[in-house]
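An overview of the molecular structure
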Amino acid sequence: MVFLVMCFVLSLWCRLVKMRKYMLRSFFVSVILLFNIFGINGDESDLNTFDINLLPADDEQCISEINKLLANRNVSEDDRILLKYRLNALLKNRKGEKATDFLFVKKDGSHGSLYDVKGDYVLVFFYNPDCETCKSIKREIMTSDYLNGMLDMGRVKLLSVCVEGEIDEWKKQQLPELWIDACDKTMSILDDELYYLPGLPTLYLLDSNHSVLLKNTNVINIEKCLKTREKDCLER
């Protein structure tokens, strides 16, 4: 079994050597997790009792749980590496904190930054044009009557950011007119790990001050959040 695992890891390494540093870092963390699951001796019957995938889904609860585990001397060094990596990711752009600014380029060649986008709410859509899940979420946003109504009124500004740089697929695609169609030309969002992107697409909802309301969320939760906030404003 160990031999098969090693072959699998080696084949992944051969494919990943040309990838950027953020991918390599994630790869090494995954390798550590893989050996934690099967054990150093490859004995599947001796499974490690700690599973990072069983941490709470809620960011704040997860941060609290990780801090408790890191304070536990019985947690192995390999697990500590995994926990610290996850904690570092979760501490970026926390709810209630101002989101990290970044630069982008639009198809007309003009430049801008996240903080240049002004609106009661800013919805940031990090994606890759070739990603099938991204295409599905894009359709979900485009068919949301509530979100499109907020876009039409100018209450919500939607910034779509191709995180893979100024690639041909991004240049060819067409997005709705009200969307800010941009790309991270320098790929600093990924290379410098400015945001925690567990996968693509990733959605962030910000308020007018660019503080994080929701992160790593979905369209349904975004609609609920907006409706709740709008209702609270009317009742004041």
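This report concerns the structure included in the present document.

Cut-offs applied
- Here the residue numbering is sequential within each chain, running from 1 through the sequence in written order.
- Reporting of local features is limited, given that this is a predicted model, to residues whose pLDDT is at least 70; pairs of side-chain atoms are given and counted only at 80 or more, and all residues count toward the totals for whole chains, interfaces and linings.
- Calculation of side-chain values draws on the structure's entire complement of heavy atoms; hydrogens and water are dropped beforehand.
- The salt bridge definition used is simple: a Lys or Arg side-chain nitrogen within 4 Å of an Asp or Glu carboxyl oxygen.
- A run of DSSP states H or I qualifies as a helix once it reaches four residues; a run of E qualifies as a strand once it reaches two. Both are numbered from the N-terminal end.
- Burial classes: relative accessible area under 20% of the type maximum marks a residue as buried, over 50% as exposed, and values in between as partly exposed (1.4 Å probe, protein chains only).
- Under the convention used throughout, the expected extent of a helix is 1.5 Å for every residue step, that is, one less than its residue count.
- Working definition: the arc comes from the directions between the helix axis and the C-beta atoms, pointing outward to the latter.
- Between two residues, a contact is recorded if the distance between any of their heavy atoms is within 4.5 Å.
- Polar contact is the term for a pair of N or O atoms within 3.5 Å; when the atoms are in protein, one must be able to donate a hydrogen and the other to accept it, and sequence-neighboring residues count only if both atoms are side-chain atoms.

**Some words on the pattern of salt bridges**
Under the defined criterion, the tally for this structure stands at 8 salt bridges. One salt bridge connects Lys 135 with Glu 132, and the closest N-O pair in it is separated by 3.3 Å. Here Lys 135 and its partner Glu 132 are both found in helix α5 (residues 132-142), 3 residues apart, which amounts to about one turn of the helix. Overall, Lys 135 belongs to the partly exposed group, its relative accessible area being 29%. Glu 166 serves as the salt-bridge partner of Lys 185, at 3.6 Å between the closest nitrogen and oxygen. Of this pair, Lys 185 sits in the loop between β5 (179-183) and α8 (188-191) while Glu 166 sits in the loop between β4 (156-162) and α7 (168-172), and the two are 19 residues apart along the sequence. Overlapping salt bridges, with partners in common, bring together Asp 120, Arg 155 and Glu 230 in one network.

**Digging into helix α3 (residues 59-70)**
Its 12 residues place the ends of α3 16 Å apart at the C-alpha level, agreeing with the 16 Å of an ideal helix rising 1.5 Å per residue. Within α3, burial applies to Asp 59, Cys 62, Ile 63, Ile 66, Leu 69 and Leu 70. Buried residues along α3 cover an arc of 125° about the axis, so they all sit on one side. Check the buried side of α3 and you find it contacts α4 (77-90) and β7 (212-215). Of the residues that open α3, the one with a side-chain oxygen 3.2 Å from the backbone nitrogen of Glu 60 is Asp 58.

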